[in-house]
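Overview (structure and organization)
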Amino acid sequence: MKIISDIGIQIPQVYLPKSGVDLKKWAVIACDQFTSEPEYWHDVEKIVGDAPSTLNLTFPEVYLEKPGEEERIKNIQLAMRKYLDEGILQPHEGFVYVERTIDGKTRKGVMLCLDLERYDYHKGATSLIRATEGTIEDRLPPRIKIREGAPLEFPHILVLIDDPDKTVIEPLTAVKEKFEKLYDFDLMLDSGHLAGYAVNTEFENGIVEALRGLAKPETFAAKYDVSKEEPVLLFAMGDGNHSLATAKAIWEKNKAQVGMEHPSRYALVEIENVHDEALEFEPIHRVLFGLKKDIFAKMQSFFGGDFSYTPVADGAEMTSRVDNADGEKQAVGVVGGVQQFGMIEIANPSTNLAVGTIQAFLDDFLKNGGAEKIDYVHGEDVVERLSLQDGNVGFYLAGMHKNELFKTVIVDGALPRKTFSMGEAREKRFYMEGRKITA
């Protein structure tokens, strides 16, 4: 595998299912989706049956902290070795150009490996590869347990580049007919279509040089109106922040024993351009399950005189008022409780974004036993459906504009966790390519 150290990447060797494998059963959605909707995963299991599938190689988080967790992890690692030993997985060397089409929009990306030595997910990081949101380190141990001892990684990680002139990924679209088609199929459960192409070696250098162009200090300084001494941010996390952080944690733990050339130094990801017209940032809403305390009284106490609540007629009015809020006060929609729909406003907020302000309260509320658990969900319909169930309450948040992301991270650091999502749940990345992470 070719390493391009100055921009922190490696041209990967990926593993893909052999000819004859049913790809619609092979590819399943990112493990951290539909965590409060087990019926989705039951449907996946019915579709897959006994066929080779990444369902057997990943751990859907809907099953975390449920009986049989250790056995499931053991079976994941056994299935990886079985698929390798039986030739179900076949190696392919080189970049992969990816197209994901859903709802008439096609998102474009390139599969490559990122150097974990150039990545830091901690607050205040100035590394070439950075987290865009706060990383919850308590969420890493289950992922570490799965990855440790696994011979392969199957990523759902999407990493963003800020390429307004479309120099890195988009030129491949015009020449994709020259590439070998690696896969081309419809995804399960209304998640659109996925196609992948093997990038010819003659086009590899164009990708590398275009990335180098984005990483030039003078280009970076001019784009963001910062000093030329400001450390370059080339790759910013989009989706899969905790998966990449897991890979980093294991690498830091093991590198003294395995050496700096070990495959686990790198992590396979898909990069996408934040300026891709098909890429949309969606807000991530919050739902609390099993309320044990009066949440409205606790909000009033937490925010004091800066807090106000206004009931509204229905979900449409709530979302409209939150999405169009304009002023010094931050607005958050509330679903559930006596009024069913309402909007809270917070004056003199503690953070620049409403999501950070409400998250500070929710963290405190949960810490003090206010509810059984929290989940982070996509879509107004989902937050309403879950929050209107007895004992639950939800918080609807407006989204942030994707063009604000890089400048905000450079100037202010990582955003509050679960600030934005790259698309709705069904638009998330499906597991397709694998990569060996053992020598």
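Structure's up top.
Residues numbered from 1 in each chain as written. Predicted model: local features only at pLDDT ≥ 70, side-chain atom pairs only at ≥ 80, totals over all residues. Heavy atoms only, no water.

1. Observations regarding the overall build of the protein chain
If you tally the helices and strands in the protein chain, you get 13 helices and 23 strands. Computed over its C-alpha atoms, the radius of gyration of the protein chain comes to 22 Å, within 12% of the 22 Å expected for a compact globule of 439 residues. Excluding contacts between residues fewer than 6 apart, the proportion of contacts in the protein chain whose partners are at least 24 apart in sequence is 78%. If you sum the accessible surface of the protein chain, you get close to 18500 Å²; carbon and sulfur atoms cover 47% of it. (Helix = DSSP H or I, 4+ residues; strand = E, 2+ residues; numbered from the N terminus. Rg over C-alpha atoms; globule rule 2.2 N^0.38 Å. Contact = heavy atoms within 4.5 Å. Areas by Shrake-Rupley, 256 points an atom, 1.4 Å probe, with all protein chains shown as cover.)

2. Looking at helix α11 (residues 354-367)
Helix length check: α11 (14 residues) gives 20 Å between terminal C-alpha atoms against 20 Å at 1.5 Å per residue, within 8%. Within the span of α11, buried status applies to A354, V355, G356, T357, I358, Q359, F361, L362 and F365. (Expected span 1.5 Å × (residues − 1). Buried < 20%, exposed > 50% of the residue type's maximum accessible area, 1.4 Å probe, protein only.)

3. Overview of the pattern of salt bridges
Applying the stated criterion to the full structure yields 24 salt bridges. With a closest N to O distance of 2.8 Å, R435 and E153 form a salt bridge. Linking R435 in strand β23 (residues 435-436) with E153 in strand β9 (residues 152-153), this pair joins segments that are 282 residues apart in sequence. For the residue pair R435 and E153, the accessibility class agrees, reading buried in each case. Shared partners join several salt bridges into a network, and the residues in it are E117, K248, E252 and K255. (Salt bridge = Lys/Arg side-chain N within 4 Å of Asp/Glu carboxyl O.)

4. Considering the state of the cysteines
Applying the stated criterion across every chain yields a total of zero disulfides. The cysteine C31 is free of any disulfide, with C113 supplying the nearest cysteine sulfur at 19 Å. Note on C113: relative accessible area 0%, which makes it buried. (Disulfide = S-S within 2.5 Å.)

5. Regarding the environment of F341
Here F341 shows up in strand β19 (residues 341-346). Given the relative accessible area of 8%, F341 is considered buried. Sequence separation between F341 and K407 is 66 residues, and the spatial gap between their C-alpha atoms is 34 Å. When sequence neighbours within four positions are dropped, the list of residues in contact with F341 reads Y309, P311, V312, A313, D314, G315, M318, V334, V335, E384 and L388.

6. A look at the nonpolar core
By size, the foremost hydrophobic cluster in this structure holds 64 residues, and its most contacted members are I9, F235 and I271. Of all the elements, helix α6 (residues 201-214) adds the most residues to this core, at six residues. Those residues within four positions of I9 in sequence are excluded, and the remaining contacts are K2, I3, I4, F95, L112, C113, L114, V208, L211 and F235. With 48 residues, the next largest nonpolar core counts A30, A79, I146 and F154 among its residues. (Core = buried A, V, L, I, M, F, W, Y, C linked by side-chain atoms within 4.5 Å.)

7. Topic: the packing of helix α9 (residues 295-303) against α11
Where α9 meets α11, the axes come as close as 11 Å, and the angle between the chain directions of the two elements is 115°. Crossing angle aside, the handedness with which α9 passes α11 is right-handed. Of the residues in α11, those in contact with I295, K298, M299, F302 and F303 of α9 are T357, I358, A360, F361, D364 and F365. Counted by class, the contact of α9 with α11 contains eight nonpolar, one polar and two charged residues. (Axes fitted to C-alpha atoms, helices over the stretch in contact; angles between N-to-C directions. Left-handed = near helix turned anticlockwise from the far one by under 90°. Nonpolar A, V, L, I, M, F, W, Y, C, P; charged D, E, K, R; others polar.)

8. Brief notes about the pairing of strand β10 (residues 158-161)
Both faces of β10 are covered, namely the face carrying L158 and L160 and the face carrying V159 and I161. The pairing of β10 with strand β13 (residues 235-239) spans three bridges and is classified as antiparallel. By the bridge assignment, L160 is partnered in β13 with A236. Bridge count between β10 and strand β14 (residues 266-273): four bridges; the pairing is parallel. Among the inter-strand pairings, V159 is bridged to a residue of β14, identified as I271. (Pairing = 2+ DSSP bridges.)

9. What about helix α3 (residues 69-85)?
Two residues of an α-helix separated by three or four positions point the same way, owing to the 3.6 residues in each turn. For α3, which comprises 17 residues, the first-to-last C-alpha distance of 25 Å matches the rise-based estimate of 24 Å (1.5 Å per residue) to within 8%. Residues of α3 that are buried: E69, I73, I76, Q77, A79, M80 and Y83. Looking down the long axis of α3, one finds its buried residues gathered within 155° of arc, a one-sided arrangement. In α3, the exposed residues that point more than 90 degrees away from the buried face are E70 and D85. (Arc of directions from axis to C-beta.)

10. With respect to the sheet that holds strand β16 (residues 285-291)
The six strands lie next to each other as β17-β19-β18-β21-β16-β20, forming an open sheet whose pairing is antiparallel. Strands at the two margins of the open sheet, each flanked by one partner only, are β17 (307-311) and β20 (371-377). On average, adjacent strands in this sheet sit at an angle of 25° to one another, irrespective of strand direction. The sheet contact formed by β17 and β19 spans five bridges and is antiparallel. Looking across to β19, one finds that F307 is bridged to I346. Contacts between α9 and the sheet are confined to β16, β17, β18 (330-335), β19 and β21 (393-396), with β17 contributing the most and set at about 145° to the helix. Where helix α10 (residues 315-323) meets the sheet, it contacts β17, β18, β19 and β21, and its direction lies at approximately 165° from that of β18.

11. A few points about unusual backbone geometry
Positive phi outside glycine occurs at F34, with the angle close to 55°. F34 sits in the buried class, given a relative accessible area of 9%. At D190, a residue that is not glycine, the phi angle is positive and equals roughly 60°. Structurally, D190 can be placed in the loop between β11 (180-186) and β12 (193-198). The class of D190 is exposed, set by a relative accessible area of 66%.

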